[in-house]
Each structure stands twice: as C-alpha cells, then as structure tokens.
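Architecture at a glance
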Amino acid sequence: GIPIYKDGNPYCVLGLYAKEPNFFTDETLGLLEELKGDIEFALKRIEEIRNNVIISQALLKSPAAVFILDEEGKIVFCNETVLRGCGRSFNEIVGQSIEMFGFKLSDGSDFYPVFLKFVSQEGDKFEDVLFCSIKKIYMEMKIYPIEIGGGVRRFIFLGRDVSKERELIAKLEKVMLEDPLIGLLNVEGFERRVNKLLGEVVEGFLVVIDISNFTYINRTYSFEVGNRVLKEIGKVLQGIFPGSKDLIARLGADEFGCFLRKEDYGDVRGLIDRLGLVKEIRVEVDGQEIVVATNVGIGYYPGDGKSVRELLEKASLALSEAKRGGAGEFRFFASHMELKAQEIISLDQLLEKALENRWFVFFYQPYFRAEDLRLAGLEALVRIKVDGKIYNPSEFIDYLERSRFLPKFEEWMFEEIEEKARRFRVPISVNVSGRSFSRRGFVERFLNKFSGEDLSLEITERVFIEDVGYASDVIKRLRGRGIRVFIDDFGTGYCALSYLRELAVDVIKVDRSFIQGVVEKKRDRDLVEVIVLLARRLGIESLAEGVETEEQLDIVKKLGFNYVQGFLLEKPLPEEELLSKYPEILSKDSQKT
Ligand code: C2E
Ligand code: CA
Ligand code: CA
C-alpha cells in the first residue's frame, strides 16, 4: 500500500497485490516510489489547472478593467469589462499597445511614457487616477509587476471606473460651496477659491460689500422681493467686476465679498472708479426700481494679509470704519492705500462735483441737408467743462450711465434741452443711453415734459433689439408726441435691417465706420447704398455720420443720403460759437426742415 499525499495530507492509497512472495524487490519499490511522486505531481497539476480556469474566469468576469501588459506596454490579456467598454473583440485588442486608449494621468500628462519609466525603474506598484479620453471616463488604476521566470515580467493593470463618484463629489462640492438662494459662492466656497488663487496673483483686493438698507428693503417690500434684490445685486456685481465673475460670494445675509486681481484694474485709480459704481446700486424688481445703498471695506493682498481669513478680517474692520462714515462710503484697511484713494479724484467725484456745480454743458454739432448743405439740425453732445479743461464723453459716459448719477444727469439734460428747444429754431437731437431708454421712469418723464418741441431722440440699435416689443411701444408714443426718433450708429454689430419694418423711426444715422469705408471699399459702398435705399422705401430718412473729406461727401451725396454730418462740415461747437456762426438758429423767421 502506497499512501498518496496531496497538499501534505493523505489523499488515497495505491494498493498493489502479488501472488508470489518477495515480489516487491528494492528495485520495484524504487519504481513505485517514483510512481507515487508522479501521481502526486499530476494531482497537484490537475488542481492547479482547475484553479487557473476558475481564476481566469473570475478575471474575465470581473467588473474591474483588467489588462496584462508586457514590458513594452503591449496588451497580453484583457477582460470582458475592457471589451465591453471599448466595444471591440479580444483579438482586436490583444497585441496592441496600451497607448491606444489615450490615458491621461491626474496631472494631465500622458500615461504611456510614465508607464515605460515605471517599467525601467522596477518599482513594485504604480497607482493614479486615469482619464480615458476616448470614453471620457475616469479610472482609479493600480499596476503590479509579476515575475514569470527567466527575468521576464508582466504587469497586471487593474482599473475601476470612478466617473460617477467624481461627478457626485463635484455636485456635492457645488452644493456645499454655493449659496442656494443666489447661486454665488458661499463663505466656504469663497475661502477655498480665493486661497487657491492667492498663490498665483501678485497683488489684489479683497472687498466686502455691505448693504446698508437691506432691513428697510425687506420691511418695505417683502422677503420675496428682498431675495430677488440680492439676486439682482449678484448680477450687477458680476457686471461691475467682469474679471472676477467667479470670485464673487455671498458672505452673510446682506453682505457680499469679492476678490479683485489688481492687474484687472490697472491701478488703484481704476479700482476706485469701479468701486464708485458699487456705492449705490439700482435694481428693478417687478417693474419697480429699488435703490440699494452700500458700504465697502477693502483688504489689500499681500500687504494686509496672506490668507483669505486674514484679509476678510481686515476688510471687515475697514467696513465698520466705512459704515461710521455713512451709506456710500468705502475704506481701505491699509492706511497708505487710504491716502492714495483720497488723493485720486475719481470719476465718481468728478461726476458728483459736475452735477453739484453745473459743470455739464452741451456742445452742438450741426448736420446739414445733403442736397444744398443747409443747416438741418443740431446734435447735442455732452461735455464736462471745468477750469478750462474739457472732458469728452468717452472719458465719463460709460461710468455715468452705470452710476447712481444717471437720474440726476437726466434731470439736468431735461432742463437744458427744454431751455434750448424753446430758444432754438432748428431741431435738436439728444443722445439717450440704453439704460435710460429702458427705464420706464425716464420715458414717462420725457413724454410728460416734451410735446410739440422740435426734438429728436437718438438711440442705438442695441436698445431695441433687447426688447423689440417695449421699444416699438415707446417709439410709437414718442412719435405720437411729435418727437422724432433717430437710430444712432446704424450698422455697428447688429445691423438690424429687419427690424426697421416693425419700428417706425424717422432717421437712421449710418455709422462713421461705413462712411470711412465708402471711398475705398466697394463692399461698404454697396452695403450703404442698399441701406439707404431700403430705408427710403420704408419712408425712413438717412444721415451719414462722420463725413471728414470732400471725397466722402461727394459719394455720400450720390448714394442718396438726406443728411450729412461730420468734421468736414462742422465740429461740435460750444453754444456761443454756434450761435455766432449760425445766427439763423435764433432768428424767428428761419425755416425749419
Ligand atoms: P455719437 O452719438 O455717435 O456722437 C458722434 C460722435 O462722433 C461725437 O463724439 C462727435 O464729436 C464725433 N464726430 C462727429 N463728426 C465726426 C467726424 O467727422 N469724425 C470723427 N472722427 N468724429 C466725429 P463725442 O461728442 O465725443 O461723443 C461720443 C459719444 O458719446 C456719442 O457718440 C454718444 O454715444 C455719447 N454721448 C454724447 N453725448 C451724450 C449725451 O448727452 N447722452 C448720452 N447718453 N450719450 C452721449
Ligand atoms: Ca448720436
Ligand atoms: Ca453716432
């Protein structure tokens, strides 16, 4: 009887019988001993093979992506998850390089060269999160080398799809870092975002904005309206600080925070001009205009602090200081900034003073009938005149239109125009910003104030494209009062030929850029010709802006424009000069066109 062992335990007995005695000699016993060894070996192999089948099935069916790679990254084996994932057959994949999947590592670099480096350095494990650019999935991946004898190695690559997890985490983070009411960052989100940024910026300002009359707004209107106001303020702030759109946060009930990179604002002056716009914010909720007053505290990076926490603290201290000064005040924490701020006469102050001291004046640029170059009307163009210095609208009009001064400016304009319209015997046109035009308050006042005066309003195309219904309604009412409507800068950007049919306007002013083109560019000339023709068909007159040369004048006349305007004929003039050059403006018997 020969006991057979498997895994060190008795497994069975091999029984052998012989009739003759002493049959099992030492020699036969030696052979039998060998047989025993062979059987035990075979048993072991059978078990191993069976196990291998099971293991390879498990690998094949595993939900993880499994590859076996050789030392060059060639795929020796892959499982069904891989095949399903890339929609190919086993034979198409095996023998290819792992490079075919275009994996990227978490730092954005290519996986393949890094894998080759790992192979050459004989490390014992490699892991990272890969991005597969073909399938747009993220994969948590581990690679283990195995020795298969003769100094040859294979690499087991195990990957797990973690795209869904990552998506969920991103969602969760957003929820945790965002203010649910107004969709801006919350304090946590702000701290994180800004802290991350601080390493990259050289200089910046952390601004804390507090609404000084929020309790009043909530009480006077309702919480619902209050919430909408907050939302609107968020939008306004994003408009004022476009470079910091994603760095604006709601820090408290009625407190906002913002981080401004200095480079976005040029210098402290640029920043102060922007901050001026925050002093008073007008928002419209349900057609009512609500005026929001604020205080602002500013911390300077890196001078006042190296972390968001520190900067917030300093900005808040500056804020309490600002509050003591009353609504609309802002303060820097750093005293040297504060001094600088006080030195700078900001646009804000310039406009405030201009309104207070009546520094605003109109210059008047005449326009003429194209056929005989007789005076046809005047365009009022605003200037600020102080101590012999004259500021042109390009220096302040943008700011003015966004600022709290707009209503006061409109007030001044109304008075000024009313007086001129009474005295002048020629039509006057006034420029109206989109912001004014789209405010019902402005339109109503205008309609109430003027009727029968020889007035025109110049608005730009953009204004009516934003809300055609509203614009066409207002235009109808204006014209019902005998006020003419000009479309300014026609052709810039929008070229709303199609709207002309719906909007009964009086004159289109074709933009200067086209008039400059008509001499040299045939395309411009053709386009302008069509515009003029189309306008005439619709009963609309046309004016050529910015005529600077005799050549331009010549062509413009030929193209059939009704009116011409430009430096060649006349520059914008101060009132005195205008009246001495064109005395017919005041004479009673001058003909109106
Ligand atoms: P705009 O309404 O297109 O006014 C024409 C501008 O072109 C004026 O500049 C005028 O001086 C200039 N201009 C006239 N003829 C020529 C020419 O032949 N060549 C050149 N190169 N320029 C010419 P200004 O006075 O600096 O006004 C700039 C803009 O500011 C105006 O453009 C208008 O959009 C705005 N603006 C002016 N006054 C007012 C105002 O009272 N209210 C509002 N809301 N905006 C105004
Ligand atoms: Ca104009
Ligand atoms: Ca214009």
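Residues numbered from 1 in each chain as written. Chains lettered and ligands numbered in written order. Predicted model: local features only at pLDDT ≥ 70, side-chain atom pairs only at ≥ 80, totals over all residues. Heavy atoms only, no water.

Next up on the list: the sheet that holds strand β8 (residues 153-161). Strands pair in a sheet through their backbones, by hydrogen bonds, and they do so in one of two ways: parallel or antiparallel. Taken in spatial order, the six strands make up an open sheet running β4-β3-β8-β7-β6-β5, and their pairing is antiparallel. Each having just a single partner strand, β4 (75-78) and β5 (103-104) make up the two edges of the open sheet. The sheet contact formed by β5 and strand β6 (residues 126-132) spans two bridges and is antiparallel. In the strand pairing of β6, phenylalanine 103 is matched with cysteine 132. (Pairing = 2+ DSSP bridges. Helix = DSSP H or I, 4+ residues; strand = E, 2+ residues; numbered from the N terminus.)

Before going further, it helps to examine the pairing of strand β7 (residues 137-147). By the bridge criterion, seven bridges tie β6 to β7 in an arrangement that is antiparallel. The residue of β7 that forms the bridge with glutamate 127 is lysine 142. Two successive antiparallel strands, β7 and β8, enclose a turn made up of five residues, where glycine 149 displays a positive phi of approximately 95°.

At 2.1 to 2.3 Å from the calcium ion (ligand 2) lie its protein donor atoms, namely Glu379 (OE), Asn431 (OD1), Glu458 (OE) and Asp488 (OD). Read in sequence order, the donor residues for the calcium ion (ligand 2) give the motif E-x51-N-x26-E-x29-D. A gap of 4.0 Å separates the calcium ion (ligand 2) and the calcium ion (ligand 3), which aspartate 488 links by coordinating each metal. Taken together, the positions of glutamate 379 in strand β16 (residues 375-386) and aspartate 488 in strand β20 (residues 484-490) put the pair 109 residues apart, joining distant regions of the chain. (Donors = N, O, S within 2.8 Å, 3.2 Å for Na, K, Ca; no water.)

Taken together, 21 residues are adjacent to ligand 1, and Arg383, Asn431, Asp488, Glu548 and Phe567 come closest. Measuring from an oxygen atom of ligand 1, one finds a side-chain N or O atom of arginine 383 at 2.8 Å. Measuring from a nitrogen atom of ligand 1, one finds a side-chain N or O atom of glutamate 548 at 2.5 Å. Across the complex, the protein chains shield 81% of the 790 Å² of accessible surface that ligand 1 would expose by itself. When residues of the shell around ligand 1 are traced back to their parent elements, those giving at least two are β15 (360-369), β16, α13 (393-402) and β20. If you tally residues by element for the shell around ligand 1, the top one is β16, at four residues. Per-class residue counts for the shell around ligand 1 are eight nonpolar, five polar and eight charged. (Near = heavy atom within 4 Å. Polar contact = N/O pair within 3.5 Å; in protein donor to acceptor, adjacent residues only side chain to side chain. Areas by Shrake-Rupley, 256 points an atom, 1.4 Å probe, with all protein chains shown as cover. Nonpolar A, V, L, I, M, F, W, Y, C, P; charged D, E, K, R; others polar.)

So, on to the packing of aromatic side chains. Applying the stated rule across the entire model yields 33 aromatic pairs. Taking 5.9 Å as the distance between ring centres and 35° as the angle between the ring planes, the aromatic pair formed by phenylalanine 442 and phenylalanine 446 counts as tilted. With phenylalanine 442 and phenylalanine 446 both in helix α16 (residues 440-449) and four residues apart, this pair spans about one turn of that helix. The interplanar angle of 55° and the centroid separation of 4.9 Å between the aromatic rings of phenylalanine 446 and phenylalanine 450 together place this pair among those described as tilted. Cluster of aromatic residues (ring-pair linked, three or more members): Phe67, Phe101, Phe103, Phe111, Phe115, Phe118, Phe126, Phe155 and Phe157. Note that arginine 166 overlies the ring of tyrosine 138, its terminal NZ or CZ placed 3.9 Å from the centroid. Against the face of phenylalanine 567 rests lysine 571, its NZ or CZ located 5.3 Å from the ring centre. (Phe/Tyr/Trp six-rings, centres within 6.5 Å; stacked < 30°, edge-to-face > 60°. Lys NZ or Arg CZ within 6 Å of the ring centre and 35° of its normal.)

For the rest of this paragraph, the subject is unusual backbone geometry. Cis peptide bonds are those with omega within 30 degrees of zero, and the linkage from tyrosine 301 to proline 302 qualifies with 5°. Secondary-structure assignment places proline 302 in the loop between β13 (288-301) and α10 (308-324). Phi is positive for arginine 358, close to 55°, though the residue is something other than glycine. With respect to the helices, strands and loops of the structure, arginine 358 is situated in the loop between α12 (347-356) and β15. In the Ramachandran plot, aspartate 489 falls in the positive-phi region, its phi being about 50° despite a non-glycine side chain. Following the sequence through the fold, aspartate 489 ends up in strand β20. On the basis of relative accessibility, which here comes to 26%, the residue aspartate 489 falls in the partly exposed class. (Buried < 20%, exposed > 50% of the residue type's maximum accessible area, 1.4 Å probe, protein only.)

This paragraph deals with the side chain of arginine 250. Here arginine 250 lies in strand β10 (residues 248-252). Exposure remark for arginine 250: the relative accessible area of 14% places this residue in the buried category. With residues near it in sequence (within four places) discarded, arginine 250 still touches Asp179, Leu181, Ile182, Leu184, Leu185, Asn186, Val187, Leu230, Glu255 and Phe256. (Contact = heavy atoms within 4.5 Å.)

The next point concerns helix α4 (residues 111-121). Looking at α4, one finds that the buried residues are Phe111, Tyr112, Phe115, Phe118 and Val119. Down the axis, α4 shows its buried residues gathered within 115° of arc, on one side only. Residues of α4 that are exposed and point more than 90 degrees away from the buried face comprise Lys117, Ser120 and Gln121. Considering only its buried residues, α4 is in contact with β3 (65-69), β5, β6, β7 and β8. At the exit of α4 stands glutamate 122, carrying a positive phi of roughly 55°. (Arc of directions from axis to C-beta.)

A few words on the pattern of salt bridges. Applying the stated rule across the entire model yields 49 salt bridges. One salt bridge connects arginine 192 with glutamate 173, and the closest N-O pair in it is separated by 3.4 Å. In this pair, arginine 192 sits in helix α6 (residues 187-198) while glutamate 173 sits in helix α5 (residues 163-177), placing the two residues 19 residues apart along the sequence. When its relative accessible area of 43% is taken as the criterion, arginine 192 is described as partly exposed. Two residues, glutamate 224 and arginine 228, come together in a salt bridge whose shortest N-O distance is 3.7 Å. With glutamate 224 and arginine 228 both in helix α8 (residues 223-240) and four residues apart, the pair spans about one turn of that helix. Here arginine 228 falls in the partly exposed class, since its relative accessible area comes to 29%. When salt bridges with common partners are traced through the structure, they connect Glu280, Arg282, Glu289, Glu410 and Arg439 into a single cluster. (Salt bridge = Lys/Arg side-chain N within 4 Å of Asp/Glu carboxyl O.)

This part takes up the coordination of the calcium ion (ligand 3). Bound to the calcium ion (ligand 3) on the protein side are Asp488 (OD), Asp489 (OD), Glu545 (OE) and Glu545 (OE), at distances that span 1.9 to 2.8 Å. Along the chain, the residues donating to the calcium ion (ligand 3) are arranged with the sequence spacing D-D-x55-E. What makes aspartate 488 buried here is its relative accessible area of 7%.

This part takes up the environment of tyrosine 582. For tyrosine 582, the position within the fold is in the segment after α23 (575-581). Since its relative accessible area comes to 12%, tyrosine 582 is described here as buried. With residues up to four places along the chain from it excluded, the contact list for tyrosine 582 reads Pro366, Phe368, Leu375, Leu569, Glu570 and Leu573.

The next point concerns a nonpolar patch on the surface. Together, Leu16, Phe23, Phe24 and Leu29 give the surface a local cluster of nonpolar side chains, amounting to about 340 Å² of exposed area. Locating phenylalanine 24 in the fold gives a position in the loop between β2 (9-14) and α1 (26-61). (Patch = residues over 30% accessible without salt bridge, like charges linked within 9 Å, V, L, I, M, F, W, Y side chains within 5 Å.)

If you check the domain split of the protein chain, you get domain 1 (2-60), domain 2 (64-165), domain 3 (178-333) and domain 4 (356-592). One C-alpha centre belongs to domain 2, the other to domain 4; they are set 69 Å apart. (Domains from an automatic or database assignment.)

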